[in-house]
Amino acid sequence: MLVILVSFAFGFGLILSRIGLPPMVGFLLAGFAYNMAGLLPPNGLDFIAGLGVTLLLFSIGLKLDVKGLLKAEIWASATYHLFFSTALYFGLLWLGQYWFDTPLLQVSWATLLLLAFALSFLSTVFVVKVLEEKGDMSAFYGKIAIGILVMQDIFAVVFLSISEGKVPSPWALSVLLLPLLRPLLFKLMDMAGHGELLMLCGLFIALGVGAEGFHLVGLKPDLGALVLGVLIASHPKASEISKALFGFKELMLVGFFLSIGMSGLPTLEMLLVAIVLCILLPLKSGLYHVIISRFGLRARSTMLSTLSLTNYSEFGLIVAGIAVHQGLLPTEWLLIMAITVSLSFAFSAPLNTYSEKLYQTARPWLKRLESRKVHPNDAPIDVGSARVLVIGMGRVGSGAYDELAPWYNGEAVGIEHAPERVDFHRQHGRNVLLGDATDTDFWTKIRHNSVPELVVLAMPSHHGNVYAAHQLRNLNFHCKVAAIAKFSEEVEELHTLGVVVFNMYEQAGAGLARHAITNGIANCEWAPVQ
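Everything quoted here is computed from the prediction, not taken from an experiment.

Basis of the calculations
- Residues numbered from 1 in each chain as written.
- Predicted model: local features only at pLDDT ≥ 70, side-chain atom pairs only at ≥ 80, totals over all residues.
- Heavy atoms only, no water.
- Pairing = 2+ DSSP bridges.
- Helix = DSSP H or I, 4+ residues; strand = E, 2+ residues; numbered from the N terminus.
- Axes fitted to C-alpha atoms, helices over the stretch in contact; angles between N-to-C directions.
- Buried < 20%, exposed > 50% of the residue type's maximum accessible area, 1.4 Å probe, protein only.
- Contact = heavy atoms within 4.5 Å.
- Right-handed = clockwise from strand over helix to strand, strands pointing away.
- Salt bridge = Lys/Arg side-chain N within 4 Å of Asp/Glu carboxyl O.
- pLDDT = per-residue confidence, 0-100.
- Core = buried A, V, L, I, M, F, W, Y, C linked by side-chain atoms within 4.5 Å.
- Phe/Tyr/Trp six-rings, centres within 6.5 Å; stacked < 30°, edge-to-face > 60°.

1. So, the sheet that holds strand 3 (residues 432-434)
Here's step 1: A sheet is described by the order of its strands in space; here six strands give the open sequence 3-2-1-4-5-6, paired in parallel fashion. Each edge of the open sheet carries a strand with a single partner, namely strand 3 and strand 6 (500-503). Taking the axes of each pair of neighbouring strands and ignoring which way they run, one obtains an average angle of 20° across the sheet.
Here's step 2: Two elements, strand 5 (residues 480-485) and strand 6, share four bridges in a ladder whose sense is parallel.

Written as structure tokens, this is what we have:
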């Protein structure tokens, strides 16, 4: 059965990826197809799915800015939307009782309120996957989306604790002492070195200390993984652990998406209800757009945040399961929620894939809805008279900046979309500005009479580098453009845009050899040991 399931997942994932949709949509379809074929789920699939979600929350914690949750654009947006969205869906479901003669809606008002509450939530798994694939986890709009999701996860934990009737152990207060463990955890991370031992160290902290520790005191295990991720996020190896666990986490999440698709076989009536709920998604998204825009986000950031949050949450499945278990809801609703969540992912995935094109289409109309006061982290920038721009100030971009700045008499400017990285580089004497080169408004802000001589595209996302190259060509910027790439097909795509490309993998050896020759290492004489 496992071999067949893997084959289904690979086949559907490959097909969907070839037509421009994320593979996760293919995994959902694979789950439905596997179930419709009458095959039984392999043993342990639910465990694998739960493990993937736990590691996902741990990885979020490793990148989470706790102070950011206290900002109004995050906690207020999450709270307002939860309230208004629940009220909206309650009203629609209540009207549905009178408009449609179906047993599925013949429930009490308390149950309708419970369903509305479940439908108001968003999928943390889906949104993080979308942001990771786009390379926008550190972008301002991405941080807004992640912050809202974390706040909703906190609301969900409170609800589950109440609804399941579980009272946390008195030992639950001991989690307040977790900061005292930080020195010990840091020491373990230092001792783990690199490679597989560091990955096991990350698993131990996420699962052994976080998830299992919280479970023992009556708290949600996933919350424990998130908290432990936040606790060790300041360690220099936190990023390395995140990268080491990335492939393992992605593989486990395949099980999560497959398990959603295997929830059951729908009837025509269930499918129609799920489709209607997905048709209502724009109303939920519209609420987010209105609320977020009030905090000074520009039209683009507001739209991208809204599109990433256009989905239903797997949390709805949990709420439906609780309601069914308590006899408040017909069992059919558990499957309806599974179909609704799956369809919302399929609906939202192409919206996020083509989000920039959608923004360009709606830009004139959306610009009229912008708040007059722009958020300081979202304001367009002016690069002045810089002769060279380095877009993306990660390790590659930082190295390029340090090499190029002396050649251009210090007239180099780095562009980075993560505020904390901008602060870091400025502290180290680099001229770095906060900006997002995948934002059309960024390029239109640059004055054509001060076009740089060289632009280096060093963003980690290939799609981001390609988009920036397109903007430079479309806006007739007459300058040299260089970029990094990892794979041969990426090199070819950038070459067609007139970009000089450095293949990170193929040319690393040549770069090492030149470095050796430049420093005289290659000319040293061999002196045999006597």
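2. Let's talk about the side chain of Thr-306
Here's step 1: Structurally, the position occupied by Thr-306 is in helix 14 (residues 299-308).
Here's step 2: The class of Thr-306 is buried, set by a relative accessible area of 6%.
Here's step 3: Once residues within four sequence positions are removed from consideration, Thr-306 is found in contact with Ser-285, Tyr-288 and His-289.

3. Re the pairing of strand 2 (residues 412-416)
Here's step 1: A large share of strand 2 lies buried, amounting to five of its five residues.
Here's step 2: Alternating positions in strand 2 separate into two faces, Ala-412, Gly-414 and Glu-416 on one and Val-413 and Ile-415 on the other, with burial throughout.
Here's step 3: Bridging between strand 1 (residues 388-391) and strand 2 involves four bridges; their strand directions are parallel. When the bridges of strand 2 are listed, Val-390 appears paired with Gly-414.
Here's step 4: Considered for its hand, the β-α-β crossover made up of strand 1, helix 18 (residues 395-407) and strand 2 is right-handed.
Here's step 5: With three bridges joining them, strand 2 and strand 3 adopt parallel strand pairing. Bridging from a neighbouring strand, Gly-414 pairs with Val-432 of strand 3.
Here's step 6: As a crossover connection, the stretch from strand 2 through helix 19 (residues 419-427) into strand 3 is right-handed.

4. A closer look at the pattern of salt bridges
Here's step 1: Tallied over the full model, the rule gives six salt bridges.
Here's step 2: For Lys-143, the salt bridge identified is with Glu-420, shortest N-O distance 2.4 Å. Taken as a pair, Lys-143 in helix 7 (residues 140-163) and Glu-420 in helix 19 lie far apart in primary sequence, 277 residues in all.
Here's step 3: Classification of Lys-143 by relative accessible area gives partly exposed; the value is 24%.

5. Section: the environment of Phe-315
Here's step 1: Looking at where Phe-315 falls in the secondary structure, it is placed in helix 15 (residues 315-325).
Here's step 2: Assessed through its relative accessible area of 6%, Phe-315 is described here as buried.
Here's step 3: Measuring from C-alpha to C-alpha, the distance between Phe-315 and Phe-121 comes to 7.0 Å, with 194 residues separating the pair along the chain.

6. Quick word on the confidence of the model for the protein chain
Here's step 1: Mean pLDDT over the protein chain: 82, with 88% of residues reaching 70 or higher.
Here's step 2: Per-residue pLDDT, averaged within each element of the protein chain, yields its smallest value for helix 23 (residues 508-518) (65) and its largest for helix 8 (residues 182-191) (92).

7. Some thoughts on the nonpolar core
Here's step 1: Counting 88 residues, the largest nonpolar core has Ile-146, Phe-257, Leu-309 and Trp-333 as its most contacted members.
Here's step 2: Those residues in contact with Trp-333, other than ones at most four positions away along the chain, are Leu-104, Leu-105, Leu-115, Val-273, Leu-277 and Ala-320.
Here's step 3: Ile-381, Ala-386, Ile-415 and Phe-442 belong to the second-largest nonpolar core, a separate cluster that totals 27 residues.

8. A word on the packing of aromatic side chains
Here's step 1: Scanning the entire structure with this criterion turns up seven aromatic pairs.
Here's step 2: A centroid spacing of 5.8 Å and a plane angle of 90° characterise the contact between Phe-8 and Tyr-34, whose relative ring orientation is edge-to-face. In this pair, Phe-8 sits in helix 1 (residues 2-18) while Tyr-34 sits in helix 2 (residues 23-36), placing the two residues 26 residues apart along the sequence.
Here's step 3: Relative accessible area serves as the criterion here: at 0%, Tyr-34 is assigned to the buried category.
Here's step 4: Considering the side-chain rings of Trp-94 and Tyr-98, the 5.2 Å spacing of their centres and the 70° angle between planes classify their relative orientation as edge-to-face. Here Trp-94 pairs with Tyr-98, and both are found in helix 4 (residues 72-99), just four residues apart, close to one helical turn.
Here's step 5: An aromatic cluster is present here, built from Phe-8, Phe-12 and Tyr-34 joined pairwise through their rings.

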